[in-house]
Amino acid sequence: MRTPHSTKRLDLTGQRFGLLTVVRRVESIGNRTAWLCRCDCGNERVVKTIHLREGKVKSCGCVKALHSESALGLHYIDGTCVEMLRANTKRSNNKSGVVGVMWRASCHKWQASIMFKGTRHNLGVYDLFDDAVAARREAEALYYDSFLADYDAQQAAETQGAPA
Ligand SMILES: [Zn+2]
C-alpha cells in the first residue's frame, strides 16, 4: 500500500491569515493539523488549519478585544487596517519604548515618524526625547484620531441607517 499523504504534505509556513503569520507546524489537535502563528501584535497562538482557511481566526485574540463587533473581520481603508491602527497607539515595540520614536545613532538625535496609509511620514529629528514623543503624539492626533473618528461615524451610520 502507498501512503499518498507522505509525498504531498500541507505546508502553511510563512503564509498570512489576517494578522497571523504561520511560523511552523506543531503537534496536531486531535486529528487536526495545527500551526504556531505569530500575531502582528507580538503574541503567538496555535491555530488549526481549518480555522485559518475559513478565516475564523485572524489574530491572537487582540483584535477581538479591541473591536468586538468586527471580531470576524479586519477593516481596511485605503490600505490601512483599522484594528492594527487602534492597537498601534497602545503598544510599543522598540527600544525607546514609544512607537514611532527612534534613536538615530548617526546624528545623535531622536527621530519621530508615523506610518499612515502605507506611508512612513518623517516628523523630524530632535535633541530631546520628549520633543520627539510630543511630535509623534501630535501626528497621532492629526492622522489617527480623525481617521478613527471618520471610521466610527461611518460604522454608526451603517448600523443605524441614514439619518432622516
Ligand atoms: Zn495579536
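See the structure shown above.
Residues numbered from 1 in each chain as written. Predicted model: local features only at pLDDT ≥ 70, side-chain atom pairs only at ≥ 80, totals over all residues.

**Some details on the pairing of strand 9 (residues 119-126)**
Inference 1: With 0 of 8 residues buried, strand 9 lies mostly on the surface of the structure.
Inference 2: In sequence, strand 8 (residues 109-116) turns back onto strand 9 through a hairpin of 2 residues, with Lys117 there showing a positive phi of about 50 degrees. (Buried ≥ 20, exposed ≤ 12 C-beta atoms within 10 Å, placed from the backbone. Helix = DSSP H or I, 4+ residues; strand = E, 2+ residues; numbered from the N terminus. Pairing = 2+ DSSP bridges.)

**Some points on helix 4 (residues 129-160)**
Inference 1: With 32 residues, helix 4 ought to run about 46 Å at 1.5 Å a step, and its terminal C-alpha atoms sit 44 Å apart, in line with that.
Inference 2: At Ala141, helix 4 shows its maximal bend, which comes to roughly 30 degrees.
Inference 3: Of all the residues in helix 4, the buried ones are Ala132, Ala135 and Arg136.
Inference 4: Each element contacted by the buried residues of helix 4 is listed here: strand 7 (101-104), strand 8 and strand 9. (Expected span 1.5 Å × (residues − 1). Bend = angle between axes of the 7 residues up to and from the residue. Contact = placed C-beta atoms within 7 Å.)

**Considering the sheet that holds strand 4 (residues 44-48)**
Hydrogen bonding along the main chain pairs the strands of a sheet, whether they run parallel or antiparallel.
Inference 1: Pairing in this open sheet of 4 strands is antiparallel, and the strands run 1-2-3-4 from one edge to the other. The sheet is open, and its two borders are formed by strand 1 (16-17) and strand 4, each paired with just one other strand.

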